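A look at the structure
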Amino acid sequence: MTGRIHRIQKSSLADGAGIRASVYFWGCDLRCTWCEAPESFAAGKWREYTTQELADELLKDKALYGQGGVGLTGGEPLLQPDFACALCDLLRQEGVKVWLETAANVSPDIFSRVIDKCDGVMIDLKHHDNAAHLRGTGADMALILANIYTTAHTDRPMIVRVPVIPGFNDGADDIGRFAALLASLGSREVQLLPFHQTGEQMYQQLGLNYPYAGIPALSDTDLEPFASALRVLGFHVQIGGRLE
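Below, the structure is looked at part by part. (Residues numbered from 1 in each chain as written. Predicted model: local features only at pLDDT ≥ 70, side-chain atom pairs only at ≥ 80, totals over all residues. Heavy atoms only, no water.)

**Description of the environment of tyrosine 203**
- Tracing the chain through its elements places tyrosine 203 in helix 8 (residues 200–206).
- Look at tyrosine 203 and you get buried, because its relative accessible area is 5%.
- For the pair tyrosine 203 and glutamate 36, spaced 167 residues apart in sequence, the C-alpha separation works out to 8.9 Å.
- Residues in contact with tyrosine 203, not counting those within four places in the same chain, are Cys32, Thr33, Trp34, Cys35, Pro38, Leu208, Asn209 and Tyr210.
- Polar contacts involving the side chain of tyrosine 203 include one to the main-chain carbonyl oxygen of cysteine 35, which spans 2.7 Å. (Helix = DSSP H or I, 4+ residues; strand = E, 2+ residues; numbered from the N terminus. Buried < 20%, exposed > 50% of the residue type's maximum accessible area, 1.4 Å probe, protein only. Contact = heavy atoms within 4.5 Å. Polar contact = N/O pair within 3.5 Å; in protein donor to acceptor, adjacent residues only side chain to side chain.)

What follows is the structure, given as C-alpha cells:
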C-alpha cells in the first residue's frame, strides 16, 4: 500500500507533546484562505511511500521520542484512511504513540476508523458560524461538528484547535460564540493557534494569490484575552501548538 506525503518534519516540538515527527499528508478537501501549506494540494508536490518505507524512516528516531511520537497532519490524513491506519498499526506495534491532526471533514465511518488507531486527535475548528466557515474554507461544518461531538463523548483524548485569523474569527463577539459552540459539543480542551505568515513564500513559489499577504502575524500575547475569556467560562486553554 502506498500513500502521498509532501513533507516529514523530524524533531518537532510543535503539534503535540514531547519530541515528535510530523508527517504531512498530501491532499486536502478544504481551501482555507490563510492556508499555511498550499503545497499540500498543489499538483505533483508529494513523494510516494509504502507504509513500511515510511514507518522505517520514522522509527529511525524512535529513541528520541520519549513522551512524544508521530503526528499525522497535512493536508488531510483522513483522505488517505487506509494508508493512515496501516501506518498507525506499524508504529504503535513498536510502542510509538501516534496523534492525528485533522479538519474532520469526512464521514463518521472514516473518521472513527482512523482515530481508533491513534492515541489521540486534534481537530481544527475554524469558525463558529457555518456561513462564515463556508466562505473561509469552502466547506460546510456539519461533518466536522458531528465528529467533534462524537469524540467528546468517548474517552478518546481530543483537543479542539482554533486557528485565530485576523478579520475572520478574531472579533470580540467571536469568543462567546466559540465558547457556546464548544460547550454544546462537549469539548473543554482548546488550543488557540496564532495566525502566522510561514506559508506566504510558498504561495509565491507556486504562483498562487495569497489573500493575507502583508497582514501582521499574531503573537501568543495577542491571543491571551481570547484565552482568558474562555478560561473564565471553564475551558482548559493553551496557546500555540505544543501540548502541556
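Right, picking up where we left off after that structure.
**Things to note about the side chain of arginine 161**
- Structurally, arginine 161 is set in strand 7 (residues 158–164).
- Of note is the side chain of arginine 161, whose polar atom sits 2.7 Å from the side chain of glutamine 191.

**As for the packing of helix 3 (residues 81–92) against helix 4 (residues 108–115)**
- It is the contact of helix 3 with helix 4, at a shortest axis distance of 9 Å, that shows an interaxial angle of 15 degrees. In terms of their interaxial angle, helix 3 and helix 4 are classed as roughly parallel. Note on packing geometry: the crossing formed by helix 3 with helix 4 is left-handed. On helix 4, the residues touching Pro81, Asp82, Ala84 and Cys85 of helix 3 are Ile110, Arg113 and Val114.
- When grouped by side-chain class, the residues that make up the contact of helix 3 with helix 4 number 5 nonpolar, no polar and 2 charged. (Axes fitted to C-alpha atoms, helices over the stretch in contact; angles between N-to-C directions. Parallel < 35°, antiparallel > 145°, perpendicular 65-115°, else oblique. Left-handed = near helix turned anticlockwise from the far one by under 90°. Nonpolar A, V, L, I, M, F, W, Y, C, P; charged D, E, K, R; others polar.)

**Overview of helix 6 (residues 142–152)**
- What helix 6 keeps buried is the set Ile144, Asn147, Ile148 and Thr151. On an axial view of helix 6, the arc spanned by its buried residues comes to 100 degrees, and they lie on one face.
- In the core, the buried residues of helix 6 are packed alongside helix 4, strand 6 (120–124), helix 5 (130–137), strand 7 and helix 7 (172–185). (Arc of directions from axis to C-beta.)

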